[in-house]
Number of protein chains: 2
Amino acid sequence: MSDFIIKGDICYTADKNTLITRPDSYVVCKDGLSVGVYDTIPERYATLPVHDRGGMLVMPGMADLHIHAPQYAYRGLGMDMELLDWLNAYAFPEEAKYADMSYADRAYTIFAEAVKKSATTRLAVFGTLHREATVLLMDKLEATGVVSYVGKVNMDRNSPDDLREESAAASAEDTERFILETRDKYKNTYPIITPRFIPSCSDELMKSLGELSKKYDARVQSHLSENPSEVEWVRELCPLAENYGAAYDGFGMFGSQGKTIMAHCVYSDDREIALMKNRGVYIAHCPASNMNVASGVAPVRKYLDMDMRIGLGSDVAGGHSESVFTAMVDALQSSRLYWRLVDSSLKPLSVTEVFYMATKGGGSFFGKVGSFEEGYEFDAVVIDDSLLPHPQPLSLSERLERAIYLGGDIKALRAKYCRGREVFSSES
Amino acid sequence: MSDFIIKGDICYTADKNTLITRPDSYVVCKDGLSVGVYDTIPERYATLPVHDRGGMLVMPGMADLHIHAPQYAYRGLGMDMELLDWLNAYAFPEEAKYADMSYADRAYTIFAEAVKKSATTRLAVFGTLHREATVLLMDKLEATGVVSYVGKVNMDRNSPDDLREESAAASAEDTERFILETRDKYKNTYPIITPRFIPSCSDELMKSLGELSKKYDARVQSHLSENPSEVEWVRELCPLAENYGAAYDGFGMFGSQGKTIMAHCVYSDDREIALMKNRGVYIAHCPASNMNVASGVAPVRKYLDMDMRIGLGSDVAGGHSESVFTAMVDALQSSRLYWRLVDSSLKPLSVTEVFYMATKGGGSFFGKVGSFEEGYEFDAVVIDDSLLPHPQPLSLSERLERAIYLGGDIKALRAKYCRGREVFSSES
């Protein structure tokens, strides 16, 4: 690992309300970590090579807390129904195809290439229930240089014949094998326990997964309170649980202080929210998906005010784009509609808040990630916003805001660094 | 004007419910008009040159019924307030700068370049109140080859000192001069009467503009019922008008069967809607803007069901992007939130409906525009969606849907034709 310095117009957050902008400055990477941002290169780093990105935006890499790799194939298709119908019509038939390793290879090659070229450096990824295809996905993600948690999905009920595991025992056994096979295989890719959601997993399976999570100190990701019919269904399936979150909690898979991600949380009631807060659950806010499949809008302002753990998720393919920049814009827009249409006591989100969620908020799931403060793992993206011309002078924070709104990651991404290594360059 | 044929995968709408997809087909352009789409080249056109876009999407050019050219400079900035505050904080100070012709030249050069490279072939454009800068804008738009109506804005009250005309008479006089100066100057660019909105224009001015509209058979564009505070303000300003639309109508500037565009119509009540229907007003639906400045969501389903005239508007810079593709996605998403959060009797929009609004719906303001049916003016865009890889076979309608959602106009626009002339090519 070599140390280096990036020169550029540096933006990052200290906390959800504090955007730090350092025009024409230097961020130093040593042993894969940031040692801070400087106006001039300190004497002790004078011999390090400088990657000159003068005039370009340099910001932390994006964290995507929720994305379905197999659904990438049909992103931007068929969003004319609600969640449960949508799963049956689109998601399940597509996911069933990943029993075929040659299809999986073709599809995951496309997915990994997209991840590589995106501004994302950290991801929490759903595969399918197929262990083999999911390991292939992990091989491909490892090759991109980004850091990811990847889950073989569990489904042993309420699923089509070609996308349902034989039994709770078989599903749990396969999951243990998956964990053992992958936990030490990669430098940047880790297994994560991934029950699809309560309706797809029997109590017996959930119990076993809870035990596996404990046995291997493994992280967990799933879905929570996304859609009213889903919430109602869980109420029927788990009559003893106080709420949907409590059902996960009862199986020992809810939080463990920062080890669980729950996607959506659109319809969480006060007690579910209190439980999430208490257990340190990460909320993956997926605004595009929540609009596309007409789920609604999550009360993010409430979550931020309560200092809950929260980041953004692209939720491909409920979301149509893998871009976390798009997720930031969608989060801003949908928070404004929530304020206007639902609850005017919940103030719309600010640009600083969504930028925080996209970087440090979601990044914290992965450790000290998502900032350039001293000791943070060095993830960075370089964006050439000169492609977005303007006639007037703009401050650095204005340039950042424009780059977010105008999709600065699409054409203008010049380089990406993860854990101190350059993993993508548009020149290469 | 030379005749030609485009070969490709052709998509267009016959009406709001009918998407026509013609894979591997030929659309023939003769004398600037479409003569139809064919499976094979008809004998009588056998000698025409063929522009081979095999494997690419070929669709009508997009119509943008509402865009503010001077606001392009600050697109993607400062969307943290509602309409009236936003106008004072951002729009008015920026627009005041266009008194300076060198600033206008710099800014409008950037705007025209963006229009040229977009998938838009028809636009209804707001300038500023400055006649000279607006004529410069028209010069630049004419050079892009697209067809546009462009308005010198009228403002004689409730505006800052540096963005307010001296008097109603001076404003009207300048507008007449603007019409006379530009109405025969261009091939593809036309003047349109553009009172900013009722709050910015005195009764005396509105009366004069109504007379000018009649005298010159000139079209009209303005804003209507965008934001609750604005609607309330108009009620105070025009106590005698039954509603906001009736105020325009009283001055003879509401409809004339297809000659007026009103942007937004988020808060139009039943009587205002009935008046719009009766007068043949075009509604410019601007979903991004309505989300960005927290206006709300227009009841587009209702307008479509009533067969009202309706198209899409980017509304830069209330909207952050000039892409009508983005407007289509925003229209879909916000219609789903409207259904979920406001009125579940108003079914979300379909892809065919938003594609219709983006092409034939908005295009009809400009004549027979927005389709490849026989006799339609030949506007087309060519999109290379092979840049959006997929592992599975996709139908042509699925490819169109994906291209819309995934911003197919951003990187993948290969060529644009307007009135039978190629006006942009990514190779040129």
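Residues numbered from 1 in each chain as written. Chains lettered and ligands numbered in written order. Predicted model: local features only at pLDDT ≥ 70, side-chain atom pairs only at ≥ 80, totals over all residues. Heavy atoms only, no water.

### Brief notes about the relation of the copies chain A and chain B
Part 1 of the argument: Least-squares fitting of chain A to chain B yields an RMSD of 0.0 Å, with the transformation described by 0.0 Å of translation along the axis and a rotation of 180 degrees. Read as a symmetry element, the transformation amounts to a two-fold axis. It is A:Leu341 whose C-alpha, among those of chain A, lies nearest the rotation axis, at 3.4 Å.
Part 2 of the argument: Same-surface contact between copies: 100% of interface residues of chain A are shared with the interface of chain B. (Least-squares fit on C-alpha atoms with pLDDT ≥ 70 in both. Contact = heavy atoms within 4.5 Å.)

### So, helix α5 (residues 203-215) of chain A
Residue and element names in this part refer to chain A.
Part 1 of the argument: The terminal C-alpha atoms of α5 lie 18 Å apart, and with 13 residues this matches the ideal 18 Å at 1.5 Å per residue to within 8%.
Part 2 of the argument: When α5 is considered as a whole, its buried residues turn out to be Leu205, Met206, Ser208, Leu209, Gly210, Leu212 and Ser213.
Part 3 of the argument: In the core, the buried residues of α5 are packed alongside β8 (153-154), α4 (168-182), β10 (194-195), β11 (220-224) and α7 (244-250).
Part 4 of the argument: Asp217 sits one or two residues past α5 and shows a positive phi near 50 degrees. (Helix = DSSP H or I, 4+ residues; strand = E, 2+ residues; numbered from the N terminus. Expected span 1.5 Å × (residues − 1). Buried < 20%, exposed > 50% of the residue type's maximum accessible area, 1.4 Å probe, protein only.)

### Topic: the packing of helix α2 (residues 101-117) of chain B against helix α3 (residues 131-144) of chain B
Geometry of a packed helix pair, given as the angle between the helix axes and the separation of the axes.
All names here are of chain B.
Part 1 of the argument: α3 packs onto α2 with a crossing angle of 30 degrees between their chain directions and a minimal axis gap of 9 Å. The pairing of α2 with α3 is recorded here as roughly parallel in orientation. Note on packing geometry: the crossing formed by α2 with α3 is right-handed. Packed against α2, whose contacting residues are Met101, Ala104, Asp105, Tyr108, Thr109, Phe111, Ala112, Val115 and Lys116, the element α3 presents Glu132, Ala133, Leu136, Leu137, Lys140, Leu141 and Thr144 at the interface.
Part 2 of the argument: In terms of residue class, the contact of α2 with α3 is built from ten nonpolar, two polar and four charged. (Axes fitted to C-alpha atoms, helices over the stretch in contact; angles between N-to-C directions. Parallel < 35°, antiparallel > 145°, perpendicular 65-115°, else oblique. Left-handed = near helix turned anticlockwise from the far one by under 90°. Nonpolar A, V, L, I, M, F, W, Y, C, P; charged D, E, K, R; others polar.)

### As for helix α12 (residues 351-363) of chain A
Residues and elements named next belong to chain A.
Part 1 of the argument: Between its first and last C-alpha atoms α12 spans 17 Å; for 13 residues at 1.5 Å apiece the expected length is 18 Å, and the two agree.
Part 2 of the argument: If you look at α12, its biggest bend is around 45 degrees, right at Met357.
Part 3 of the argument: Counting buried positions along α12 gives 13 out of 13 residues, so the element sits mostly inside the fold. (Bend = angle between axes of the 7 residues up to and from the residue.)

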